[in-house]
Amino acid sequence: MIVVKGGGADDAYAFDEVELKIETVGDLVRAVDEASRGALSARDATFLSRKRRFRGDECDLDVRAMVDECKGRVLKVMMVRSAAQSRNVATGGTSRGVEALRASRLAKAEAAAASKKQPQRCLNEMEARQKAWRATGVVGLRGVALVDVPPEVYALGERARVLDVASNALESLSCNALGTLVNMTRLVLRDNALGALPWSAFETLSALTFLDVSGNALESLPSCDDADVASPPPSFAALESLSLARNKLKQIPDGFFTRAPKLRHLSVANNALEELFPRAPPPRAIEYVDASSNRIRRVSETFASLPRLQSLVLDGNAIDIDGVPSAVLLGAEALVELSLHNNPVKLDALRDIDGWDAFDARRKARANKALESRVMLGSSVFDEGADSQRFVRH
């Protein structure tokens with residue numbers, strides 16, 4: 001119980017002493033509201049709660065309260081009213097505008113009181129999420145400002161099948177904890193701040209088929225060929241799709257993919273690579289490689305040994321005509337897309353390379369097949385893969 005006290009009187013103000021049950025902010029607003037329906041009406045209600053302020057209506061009662069921000073409890077209250085204005089209010093009632101302001105003030109106060117229960121609401125939300133995670137095996141925590149993966153995720157263990165923590169602020173992952181998600185098939189780590197990955201954890205993730213680490217801060221991958229610093233290559237037993245795009249990689253170590261026998265789609269676009277698989281080829285199952293927007297000067301001849309390679313996207317690099325070996329056009333017998341836009345090499349020069357006719361025949365056969373089946377595969381189906389020579393007026 002808080003006693004709202006006043007005392008004394010002068011020409012301008014008269015003070016009341018009122019005994020009210022005021023414990024929370026909501027109680028205070030209701031008390032002011034009840035008082036203003038009688039001889040008093042609130043003019044300027046200010047709740048001193050750190051930097052938060054709340055204003056009342058246009059009448060002549062000042063209410064000041066000290067509030068415990070953490071507990072939402074009222075510690076001290078003082079009311080001051082104008083005697084002359086009070087008499088006018090007592091005889092004239094209140095306007096619709098005043099009533100609307102009171103209702104708005106009450107709603108805001110109740111919302112503020114409810115916000116004090118935020119920790120409990122967060123706890124309830126987490127419990128609900130955990131229940132859904134256990135039922136579906138799908139953990140979605142995209143864009144929720146995480147700096148660490150919650151321990152509740154790792155507690156799912158073998159129940160977890162999909163983990164999506166894209167667009168957060170993760171800087172690292174626990175190797176031991178990640179390795180407990182043994183049945184996970186999809187791991188999305190896109191757009192975080194990861195400077196490294198616990199590659200050894202993938203040893204136990206034998207069901208993983210999709211891994212997206214694009215948009216992070218990776219500067220290097222584990223070296224697998226230097227005897228002084230070599231470490232075993234990561235184990236990607238079931239991995240089919242991997243994105244390392246939009247990082248800061250300068251090279252792909254030889255042997256990095258020797259334990260990824262099922263890898264079909266690989267993106268290393270938007271890095272700082274100067275060469276790509278110069279000695280050891282990627283896995284033989286590879287079908288699609290996107291290495292656009294790097295600093296690559298030459299198409300590696302190791303691509304010629306890939307029997308399933310269909311698309312090789314190298315737009316936005318530094319490849320000239322000497323950087324396109326005939327061996328790739330002739331040896332990669334499934335290759336139907338070689339994209340070299342925004343490179344020094346031009347289409348007219350490509351047409352004169354040995355093997356171009358064989359590649360172009362495969363490309364046209366795919367386009368004809370798409371037309372005959374009335375299936376559009378995008379503009380790349382009809383794209384010859386390079387920019388035409390432009391004539392420059394002098």
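As the structure is a computational prediction, the values presented were derived from the model and not from experiment.

1. Topic: the overall build of the chain
Turning to step 1, where the next piece is worked out: Of the regular secondary structure elements, the chain holds nine helices and 15 strands.
Turning to step 2, where the next piece is worked out: Here the chain, with 394 residues, has 45% of them falling under the buried criterion.
Turning to step 3, where the next piece is worked out: If you take every contact in the chain between residues at least 6 apart in sequence, the share linking residues at least 24 apart comes to 52%.
Turning to step 4, where the next piece is worked out: Accessible surface, the chain: about 20,800 Å² in total, of which carbon and sulfur atoms supply 50%.

2. Some words on the pattern of salt bridges
Two side chains with opposite charge may pair up if their charged atoms get near one another.
Turning to step 1, where the next piece is worked out: In the structure shown here, the tally under the stated rule is twelve salt bridges.
Turning to step 2, where the next piece is worked out: In this structure, arginine 259 and glutamate 203 form a salt bridge, with 2.8 Å as the shortest nitrogen-oxygen distance. Taken together, the residues span a long stretch of sequence, with arginine 259 in the loop between β11 (241-243) and β12 (265-267) and glutamate 203 in the loop between β9 (186-188) and β10 (210-212) at a distance of 56 residues.
Turning to step 3, where the next piece is worked out: We note a salt bridge from arginine 264 to glutamate 240, for which the minimum N-O separation is 3.5 Å.

3. Overview of unusual backbone geometry
Turning to step 1, where the next piece is worked out: Backbone geometry places serine 167, a non-glycine residue, at a positive phi of 60°.
Turning to step 2, where the next piece is worked out: Within the secondary structure layout, serine 167 lies in the loop between β8 (162-164) and α6 (175-178).
Turning to step 3, where the next piece is worked out: Residues other than glycine seldom take positive phi values, yet aspartate 191 does so here, at roughly 55°.
Turning to step 4, where the next piece is worked out: Locating aspartate 191 in the fold gives a position in the loop between β9 and β10.
Turning to step 5, where the next piece is worked out: What makes aspartate 191 partly exposed here is its relative accessible area of 29%.

4. Examining the sheet that holds β10
Turning to step 1, where the next piece is worked out: The strand order across the open sheet built from nine strands is β7-β8-β9-β10-β11-β12-β13-β14-β15, with neighbouring strands paired in parallel fashion. The sheet is open, and its two borders are formed by β7 (138-140) and β15 (337-339), each paired with just one other strand. Pairs of neighbouring strands in the sheet enclose a mean axial angle of 5°, with direction left out of account.
Turning to step 2, where the next piece is worked out: With three bridges connecting them, β8 and β9 associate as parallel partners.

5. So, the environment of lysine 262
Turning to step 1, where the next piece is worked out: With respect to the helices and strands, lysine 262 occurs in the loop between β11 and β12.
Turning to step 2, where the next piece is worked out: A residue is classified by how much of its surface remains accessible, and lysine 262, at 47% relative accessible area, is partly exposed.
Turning to step 3, where the next piece is worked out: Sequence-wise, lysine 262 and serine 241 are 21 residues apart; in three dimensions their C-alpha atoms are separated by 8.8 Å.
Turning to step 4, where the next piece is worked out: Ignoring any residue separated from it by four or fewer positions in sequence, one finds lysine 262 in contact with Ala237, Ala238, Leu239, Glu240 and Ala285.

6. Observations concerning the confidence of the model for the chain
Turning to step 1, where the next piece is worked out: Confidence in the prediction for the chain averages 76 pLDDT; 61% of positions are at 70 or higher.
Turning to step 2, where the next piece is worked out: Between residues 1-20, whose pLDDT stays under 50, and residues either more than four places distant or in other chains, the model counts 44 contacts.
Turning to step 3, where the next piece is worked out: This model gives residues 80-94 a pLDDT under 50, and the stretch forms 31 contacts once residues within four places in sequence are excluded.

7. Focus on the nonpolar core
Inside soluble globular proteins, nonpolar side chains tend to come together where they are buried.
Turning to step 1, where the next piece is worked out: Grouped together as the largest cluster of nonpolar side chains are 70 residues, with contacts concentrated most on Leu211, Ile252, Leu276 and Phe303.
Turning to step 2, where the next piece is worked out: Looking at this core, the elements with two or more residues in it are α5 (151-154), α6, α7 (326-331), α8 (347-350) and α9 (356-372).
Turning to step 3, where the next piece is worked out: Sequence-distant contacts of isoleucine 252, defined by excluding residues within four places in its chain, comprise Leu221, Phe257, Val268, Leu273, Leu276 and Phe277.

8. So, the packing of aromatic side chains
Turning to step 1, where the next piece is worked out: Within the structure shown, the criterion is met by nine aromatic pairs.
Turning to step 2, where the next piece is worked out: An angle of 85° between the planes, with centres 6.0 Å apart, marks the rings of phenylalanine 277 and phenylalanine 303 as edge-to-face. One end of the pair, phenylalanine 277, is in the loop between β12 and β13 (288-290); the other, phenylalanine 303, is in the loop between β13 and β14 (311-313), with 26 residues separating them in the sequence. Across the pair, exposure class does not vary: phenylalanine 277 and phenylalanine 303 are buried alike.
Turning to step 3, where the next piece is worked out: In textbook terms, an aromatic cluster arises when at least three aromatic residues are bridged by ring pairs, as seen for Trp199, Phe202, Phe236, Phe256, Phe257, Phe277 and Phe303.
Turning to step 4, where the next piece is worked out: When the ring centre of phenylalanine 210 is taken as origin, the NZ or CZ atom of arginine 186, which lies over that ring, is 3.9 Å away.

9. Side note on the side chain of aspartate 290
Turning to step 1, where the next piece is worked out: For aspartate 290, the location among the structural elements is in strand β13.
Turning to step 2, where the next piece is worked out: One buried charge, aspartate 290, has no salt-bridge partner; the nearest side chain with opposite charge is arginine 246, at 9.9 Å.
Turning to step 3, where the next piece is worked out: A polar side-chain atom of aspartate 290 sits 2.7 Å from a polar atom in the side chain of serine 292.
Turning to step 4, where the next piece is worked out: In this structure, aspartate 290 is in contact with Leu266, Ser267, Val268, Ala269 and Val313, ignoring residues within four places of it in sequence.

10. A look at the environment of arginine 366
Turning to step 1, where the next piece is worked out: Take arginine 366: it is sitting in helix α9.
Turning to step 2, where the next piece is worked out: For arginine 366, a relative accessible area of 21% corresponds to the partly exposed category.
Turning to step 3, where the next piece is worked out: It is 9.8 Å that separates the C-alpha atoms of arginine 366 and glutamate 337, two residues lying 29 residues apart in sequence.

Reading the values: the criteria
Residues numbered from 1 in each chain as written. Predicted model: local features only at pLDDT ≥ 70, side-chain atom pairs only at ≥ 80, totals over all residues. Heavy atoms only, no water. Helix = DSSP H or I, 4+ residues; strand = E, 2+ residues; numbered from the N terminus. Buried < 20%, exposed > 50% of the residue type's maximum accessible area, 1.4 Å probe, protein only. Contact = heavy atoms within 4.5 Å. Areas by Shrake-Rupley, 256 points an atom, 1.4 Å probe, with all protein chains shown as cover. Salt bridge = Lys/Arg side-chain N within 4 Å of Asp/Glu carboxyl O. Pairing = 2+ DSSP bridges. Axes fitted to C-alpha atoms, helices over the stretch in contact; angles between N-to-C directions. pLDDT = per-residue confidence, 0-100. Core = buried A, V, L, I, M, F, W, Y, C linked by side-chain atoms within 4.5 Å. Phe/Tyr/Trp six-rings, centres within 6.5 Å; stacked < 30°, edge-to-face > 60°. Lys NZ or Arg CZ within 6 Å of the ring centre and 35° of its normal. Lys, Arg positive; Asp, Glu negative; His and termini not counted. Polar contact = N/O pair within 3.5 Å; in protein donor to acceptor, adjacent residues only side chain to side chain.

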